[in-house]
Amino acid sequence: MTIKKICVIGAGQMGQQIALGAAINGFDVILNDSFDTALEKADKWSKEYLAGRIEKGKMTQTEAEAAQSRFKIEKDLAMAAQAADLVIEAIVEKLDIKRELFARLDRLCPAHAILASNTSSFVPSKLADATTRPDKVVDMHFFNPALVMELVEVVQGPQTSDETAQAIMQVSRQMQKTPILLKKEINGFVVNRILGRTFEEACRLLALGIASPEDIDIAVTKGLRWPMGPCATMDLSGIDTCYNIRVQRFAESQEEIDRPPAILKEMLDAGTLGRKSGKGFYDYSKK
């Protein structure tokens, strides 16, 4: 299966980086979003990013211009998806909204197109039956920031064909990523299942008054040699995203260990969502 044209749905932080990363590595890319302002910001950001790469000697002027020429913006979903070989969805982590989008994409995309989700929480079977092509539905989970992080988790659902899974593995490699293949569905995949337990224990330590967010992060970065501590990571990912993932996992498992930590709900209600809101476990308002 040859993939040349990619459509990315969702021009937020993840979507714009996935799209530009694909364009840099030779794919023709169309970035779509229902909000004009999101597309305008993504277009401006892409130009600034490529200019920065030239300035740092990481890319030539010719390479940057070629990448920019392959990076297109399109608000109309039908126009964006009509010729895609692969669609990568990177919208809000709400299952009903994703299913609605996949049903629309199923009608709009060519019959051969693969429909992939960048979801961090929903397995392919949750989306596949919203389409008439369940064998071409797969998860392609990038990590934030997508232009920097090397790993991609490719999740093969029970109806996902081997051909589809291997095509996404190959696309990931072409995007200079290191993919791993999950041959069976499991909520949270590999990284987030491990990371989630770390988040959970950090929240527990905070609730018990054992240590501050700063000291917990220092313990992890200096003691475990992780590049970022759990509190800073939750701020980067978004407190709302972390909370919604845990809500979904608890709804499926009904196991007490998966219940969302109360501190995340308190922060969500207070609007302290991390970097995106200017305050989370840390204060970013002056940065």
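Residues numbered from 1 in each chain as written. Predicted model: local features only at pLDDT ≥ 70, side-chain atom pairs only at ≥ 80, totals over all residues. Heavy atoms only, no water.

J.: For this particular structure, what's the right way to read the state of the cysteines?
T.: Two cysteines form a disulfide when their sulfur atoms are joined by a covalent bond. As enumerated under the stated definition, the model contains 0 disulfides in all. Note on C109: no disulfide assigned, nearest cysteine sulfur contributed by C7 at a separation of 6.8 Å. With relative accessibility at 7%, the residue C109 sits in the buried group. We note that C231 lacks a disulfide partner, and the nearest cysteine sulfur, in C203, lies 6.9 Å from it. Under the relative-accessibility criterion, C231 is labelled buried at 0%. (Disulfide = S-S within 2.5 Å. Buried < 20%, exposed > 50% of the residue type's maximum accessible area, 1.4 Å probe, protein only.)

J.: Is there a simple way to think about the pairing of strand β2 (residues 28-32) in this case?
T.: Regular strands place their side chains on alternate faces of the sheet. In this sheet, β2 lies alongside strand β1 (residues 5-9) in parallel orientation, the contact comprising 5 bridges. Residue pairing for β2: I9 is matched across the bridge by N32. Since β1 and β2 lie parallel, the crossover through helix α1 (residues 13-24) that links them has a hand, and here it is right-handed. With 3 bridges joining them, β2 and strand β3 (residues 71-73) adopt parallel strand pairing. Considered in β3, the bridge of V29 is made with F71. (Pairing = 2+ DSSP bridges. Helix = DSSP H or I, 4+ residues; strand = E, 2+ residues; numbered from the N terminus. Right-handed = clockwise from strand over helix to strand, strands pointing away.)

J.: Help me understand the packing of aromatic side chains, please; the structure alone is not making it clear to me.
T.: The description of an aromatic ring pair uses the distance of the two centres, along with the angle that the planes make with each other. Under the counting rule described, the total for this entry stands at 2 aromatic pairs. Taking the centre distance of 6.5 Å and the plane angle of 65 degrees together, the rings of Y282 and Y284 count as edge-to-face. Using a relative accessible area of 11% as the deciding quantity, one classes Y284 as buried. (Phe/Tyr/Trp six-rings, centres within 6.5 Å; stacked < 30°, edge-to-face > 60°.)

J.: Can you help me understand the environment of E255 in this one?
T.: Mapped onto the fold, E255 is located in the loop between α11 (239-253) and α12 (262-270). For E255, a relative accessible area of 45% corresponds to the partly exposed category. Counting along the chain gives 48 residues from E255 to A207, while the straight-line C-alpha distance between them is 20 Å.

J.: Explain the sheet that holds β3 to me, please; I cannot follow it from the model alone.
T.: Backbone hydrogen bonds are what pair the strands of a sheet, in a parallel or an antiparallel way. The sheet built from 8 strands is open, its strands ordered β3-β2-β1-β4-β5-β6-β7-β8 with mixed pairing. Of all the strands in the sheet, the pair left with one neighbour each is β3 and β8 (178-182). With direction set aside, neighbouring strand axes in the sheet form an average angle of 25 degrees. Two elements, strand β4 (residues 86-89) and strand β5 (residues 114-117), share 4 bridges in a ladder whose sense is parallel. Of the residues in β5, the one forming a bridge with E89 is S117. α1 contacts β1, β2, β3, β4 and β6 (137-142) of the sheet and is inclined by roughly 165 degrees relative to β2. Relative to β3, helix α2 (residues 36-55) is tilted by about 160 degrees, and along the sheet it contacts β2 and β3. (Axes fitted to C-alpha atoms, helices over the stretch in contact; angles between N-to-C directions. Contact = heavy atoms within 4.5 Å.)

J.: Explain the nonpolar core to me, please; I cannot follow it from the model alone.
T.: Taken as a class, soluble globular proteins show a tendency for nonpolar side chains to be buried jointly. Counting 37 residues, the largest nonpolar core has I6, L86, M140 and F142 as its most contacted members. Examining the composition of this core, we find that 6 residues originate from one element, α1, more than from any other. When sequence neighbours within four positions are dropped, the list of residues in contact with M140 reads I88, A116, S117, N118, V152, E153, I168, V171, S172 and M175. In terms of nonpolar packing, the next biggest core, distinct from the first, is built from 17 residues, A202, C231, M234 and C242 among them. (Core = buried A, V, L, I, M, F, W, Y, C linked by side-chain atoms within 4.5 Å.)

J.: Sorry if this is basic, but what is going on with the packing of helix α8 (residues 191-207) against helix α10 (residues 230-237) here?
T.: For any two helices packed against each other, one specifies the crossing angle of their axes together with the interaxial distance. Where α8 contacts α10, the axes come no closer than 9 Å and their chain directions differ by 110 degrees. What the angle tells us is that α8 and α10 run roughly perpendicular. Considering only the axes of α8 and α10, their crossing is left-handed. Side by side, α8 and α10 meet where L195, T198, F199, A202, C203 and L206 of the first sit next to P230, C231, T233 and M234 of the second. Residue composition of the contact of α8 with α10, by class: 8 nonpolar, 2 polar and no charged. (Parallel < 35°, antiparallel > 145°, perpendicular 65-115°, else oblique. Left-handed = near helix turned anticlockwise from the far one by under 90°. Nonpolar A, V, L, I, M, F, W, Y, C, P; charged D, E, K, R; others polar.)

J.: Got a minute to help me understand the pairing of β8 in this structure?
T.: As paired strands, strand β7 (residues 151-155) and β8 are joined by 5 bridges and run parallel to one another. Residue pairing for β8: E153 is matched across the bridge by I180.

J.: Just to check I follow, could you spell out the side chain of S120 for this structure?
T.: Within the fold, S120 resides in the loop between β5 and α6 (125-128). Discounting chain neighbours no more than four positions away, the residues touching S120 are E93, H141, G188, F189, N192 and I245.

J.: Where do I start with unusual backbone geometry in this structure?
T.: Note: most peptide bonds trans; most residues except glycine with negative phi. At the junction of N144 and P145, the peptide bond is cis and its omega measures out at 0 degrees in the coordinates. Unlike most non-glycine residues, Q176 shows phi in positive territory, near 65 degrees. Along the polypeptide, Q176 turns up in the loop between α7 (162-174) and β8. Backbone geometry places R225, a non-glycine residue, at a positive phi of 65 degrees. Looking at the secondary structure, you find R225 in the loop between α9 (213-223) and α10.

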